[in-house]
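Spelled out from the first residue to the last, the chains are:
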Amino acid sequence: NTSGNGSISRKNQVILQCLDMLSPLEGKYFVRIICGELRLGLSVRSLLDVFSISIMGDKSIKSELESAYGVCADIGYIGSVVLDSKKENVVKNLITISAQPGIPVLSRLVQRVGSFEELSERFKESVILQPKFDGLRCQIHKWEEEDEKSDISKSIIWKQFKKGSTNDSQNLFEINNNSKIQVKLFTRNLEDVTEMFPEIVDSAKKMKQTSFILDSEIVGWDFKKGKFLSYQETMQRRRKYSVQSMREDIPVRAFTFDLLYLNGKSLIHTDTKDRIKQLERELSTTQEGIVLAESKSFSLDSDIKEYFDKCVKEGLEGIIVKQENGGYRPGIRNYEWIKVKKSIDKELVDTVDMVVVGYYKGSGRRSSFGLGAILGAIYNEKKDRFDAICKIGTGMSDEILTEINSKLENILSDQKPKGVEVVDILTPDVWVIPKYVITVDADEITKRIGEEKIGGGYSLRFPRLIEWNRDKSANDVTTISEIEKMFLMRKSI
DNA sequence: AATGTCTGCCCC
DNA sequence: ATTCTGC
DNA sequence: GCAGAATGGGCAGACATT
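Residues numbered from 1 in each chain as written. Chains lettered and ligands numbered in written order. Predicted model: local features only at pLDDT ≥ 70, side-chain atom pairs only at ≥ 80, totals over all residues. Heavy atoms only, no water.

Named according to an unreviewed UniProt entry, chain A is DNA ligase (ATP) originating from Candidatus Dojkabacteria bacterium. Chain A has a UniProt comment under Catalytic activity (unreviewed entry) that states "ATP + (deoxyribonucleotide)n-3'-hydroxyl + 5'-phospho-(deoxyribonucleotide)m = (deoxyribonucleotide)n+m + AMP + diphosphate." (UniProt positions renumbered as here; feature names shortened; annotations may be inferred.)

Enquirer: Which parts of the structure should I look at to understand the protein's contact with DNA strand B?
Expert: Residues in contact with DNA strand B, as listed here, are Gly135, Leu136, Arg137, Thr187, Arg188, Asn189, Glu191, Tyr231, Met235, Arg238, Arg461 and Phe462. Within 4 Å of the protein, atoms of DNA strand B come from sugar and phosphate in 88% of cases. Note that a phosphate oxygen of DNA strand B is positioned 3.0 Å from one of the backbone N or O atoms of Arg137. Here a sugar or linking oxygen of DNA strand B sits 2.7 Å away from a polar atom, N or O, in the side chain of Tyr231. Looking at side-chain class alone, the surface near DNA strand B contains four nonpolar, three polar and five charged residues. (Near = heavy atom within 4 Å. Polar contact = N/O pair within 3.5 Å; in protein donor to acceptor, adjacent residues only side chain to side chain. Nonpolar A, V, L, I, M, F, W, Y, C, P; charged D, E, K, R; others polar.)

Enquirer: I'm lost on the protein's contact with DNA strand C in this one. Help?
Expert: Neighbouring residues of DNA strand C: 13 residues in total, closest Arg112, Arg188, Thr394, Asp398 and Arg464. Sugar plus phosphate: this is where 91% of the atoms of DNA strand C within 4 Å of the protein reside. In this structure, Arg112 approaches DNA strand C through a side-chain N or O atom, which is 3.2 Å from a phosphate oxygen. Asp398 places a main-chain nitrogen or oxygen 3.0 Å from a phosphate oxygen of DNA strand C.

Enquirer: Just to check I follow, could you spell out helix α15 (residues 398-408) for this structure?
Expert: Along α15, the residues that are buried comprise Leu401, Ile404, Asn405 and Leu408. What you see down the axis of α15 is that its buried residues fit within an arc of 95°, all on one side. The elements touched by buried residues of α15 are β13 (350-360), β14 (373-380), β16 (412-413), β18 (430-432) and β22 (464-467). (Buried < 20%, exposed > 50% of the residue type's maximum accessible area, 1.4 Å probe, protein only. Helix = DSSP H or I, 4+ residues; strand = E, 2+ residues; numbered from the N terminus. Arc of directions from axis to C-beta. Contact = heavy atoms within 4.5 Å.)

Enquirer: Sorry if this is basic, but what is going on with the environment of Cys311 here?
Expert: By secondary structure assignment, the location of Cys311 is in helix α14 (residues 304-313). The exposure class of Cys311 is buried, given its relative accessible area of 1%. Along the primary structure Cys311 and Glu280 are separated by 31 residues, whereas in three dimensions their C-alpha atoms are 20 Å apart. Apart from residues lying up to four places away in sequence, Cys311 is in contact with Pro131, Leu316, Gly318 and Ile319.

Enquirer: Can you help me understand the pairing of strand β12 (residues 333-341) in this one?
Expert: Side-chain direction in a regular strand flips from residue to residue, so the side chains alternate between the two faces of the sheet. By the criterion of burial, β12 is predominantly enclosed, with seven of the nine residues buried. Inspection of the sheet shows strand β1 (residues 109-112) paired to β12 by four bridges, in the parallel sense. What sits directly across from Leu109, in β12, is Arg333. With five bridges joining them, strand β11 (residues 318-323) and β12 adopt antiparallel strand pairing. Residue pairing in the sheet places Ile319 in a bridge with Val340 of β12. (Pairing = 2+ DSSP bridges.)

Enquirer: Sorry if this is basic, but what is going on with the UniProt feature "coiled-coil region" (unreviewed entry) in chain A here?
Expert: Within this numbering scheme, the UniProt entry marks residues 269-296 as carrying the feature "coiled-coil region" (unreviewed entry). The span residues 269-296 is 39% helix and 14% strand, and its two end C-alpha atoms sit 21 Å from each other.

Enquirer: Help me out: how do you make sense of the pattern of salt bridges in this one?
Expert: Side-chain pairing between opposite charges can occur once the charged atoms of the two side chains come close. Applying the stated criterion across every chain, the model contains 29 salt bridges. In this structure, Lys346 engages Asp441 in a salt bridge whose closest nitrogen and oxygen atoms are separated by 3.6 Å. In this pair, Lys346 is assigned in the loop between β12 and β13 and Asp441 in strand β19 (residues 437-442), connecting sequence segments 95 residues apart. With relative accessibility at 6%, the residue Asp441 sits in the buried group. Salt-bridge contacts for Asp353 lead to Lys472; the nearest nitrogen and oxygen are separated by 2.7 Å. Highlighted residues: Asp353 in strand β13 and Lys472 in the loop between β22 and α16 (480-492), separated in sequence by 119 residues. Through salt bridges with shared partners, a single network forms among Lys132, Glu317, Lys341, Asp443 and Arg464. (Salt bridge = Lys/Arg side-chain N within 4 Å of Asp/Glu carboxyl O.)

Enquirer: Would you mind going over the UniProt feature "domain: ATP-dependent DNA ligase family profile" (unreviewed entry) in chain A with me for this structure?
Expert: As annotated by UniProt and renumbered to match this structure, "domain: ATP-dependent DNA ligase family profile" (unreviewed entry) occupies residues 245-379. What you have in residues 245-379 is 19% helix and 39% strand, and the ends, taken at the C-alpha atoms, are 40 Å apart.

Enquirer: Is there a simple way to think about the domain arrangement of chain A in this case?
Expert: Many descriptions give the size of an interface as the accessible area lost when the pieces come together. Parsing chain A into structural domains produces domain 1 (127-155 + 171-345) and domain 2 (352-492). Listed as interface residues are five residues of domain 1 and, on the opposing side, six residues of domain 2. Of the roughly 410 Å² buried between domain 1 and domain 2 on both sides combined, carbon and sulfur atoms contribute 29%. Of all residues in domain 1, Gln232, Lys341 and Ser343 bury the most surface against domain 2, accounting for 61% of the area lost on that side. For the pair domain 1 and domain 2, the interface holds two salt bridges. Between Asp134 and Arg461 there is a salt bridge, with the nearest N and O atoms lying 2.8 Å from each other. For the pair domain 1 and domain 2, the number of links is three residue pairs in polar contact (both at pLDDT 80 or more). (Domains from an automatic or database assignment. Buried area = accessible area lost by both parts, 1.4 Å probe.)

Given below as structure tokens:
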């Protein structure tokens, strides 16, 4: 009853009825639960604490629980293991839990670094370099399902189905259902995206290995130009409908850079250089949807920047630098895996001067500052006005946040100031008179096609405040044509 | 049937 | 994603 | 040094409205 026609109205009715029955205090918490703002330990991390306390009476087996969940990210399963265990066996049982195709492993995350100097300070031995792709993280699982009695009856039904059908896709469906080979794809957040990328599933099935878990990045590929598609284009493949037609328009490949499990054995604790060695052996014959990402061994005194430049030139986002030793470390972000993005190069950062024309109320710890984010505008020289194109909500310390609020307080405007336009989705909580100029950095200038009327449709990817209240007049902010020039320059590279 | 508005254990 | 802050 | 909590653009989908 929570979806379909009129579902929003029905939900509203139910909520109103509930609120009616509750006391004001109860109502407060009820609303927080609905809004997902009640921090009551419903996160996985807190749940693991609960498991520890429930059996040990304290948090003493927290680390064992976290490791087990890392390689087998099914909180229900972890919970059942704890509940089925006796106190004296629980640690042993948790340590026994191993990676298993079909259940996602927490993705290892990557620490960012601001310069090559910082990189050379971090590592003492030689390292492995891999390209950094701008796409969707994807874990590819393949395994063989055990024989089940129900399979027999299933196959009979499917054979009958096939008789009356010559349709290719239905035949494919039939084969998949009869086959014991299973494939699943998971995103970084453990979302099942198997149905969205059939070319990757097909390739996984064609591979000779009976079971594996691969770590990869899905990126769209332009076969005509022989180069990567943009992140925005790749993202269009993350869809429920029209998968087959989009498969032709935006074909993707999974660039595979790690191997976590192979033919029944977990490799989570195997050293990175050995996992990659094995990956290269197994993926030596190239598939269509699953391809091997390049890995290069580099000694630290050699020219890492040269490889970095080569990757950037090819349209990649930068490089990943990995320590040779050490296991996969699910869910961990530390300096054993480091990313160097092309945006560390000041030449490749888009720096924009904007004028503040509004702000948004903050939430959580930002609510006390009276402000959570600000609205930035560039100058539209053709229309002689300020066009607001992008919000800025990071890069400000508590101190600066306080100062911004105190300054903006004096120039409030109860309506949109004259000479200001805004993309409607960006309409701020509070308008202010254009006065204060800020500097904003961004990794990329993006363009919304069909929205060119305001600010040329341009916006910023990963905007962050670099400087507040520059000693500049509002007339000196970046213009649309300057933004356009920056946009076209990046595109041509 | 087209357009508008909002959301997502969303992706980055 | 980026950035800042608290532990 | 790490995790957590603020915040960004933008996509497809789900409903609502016209």
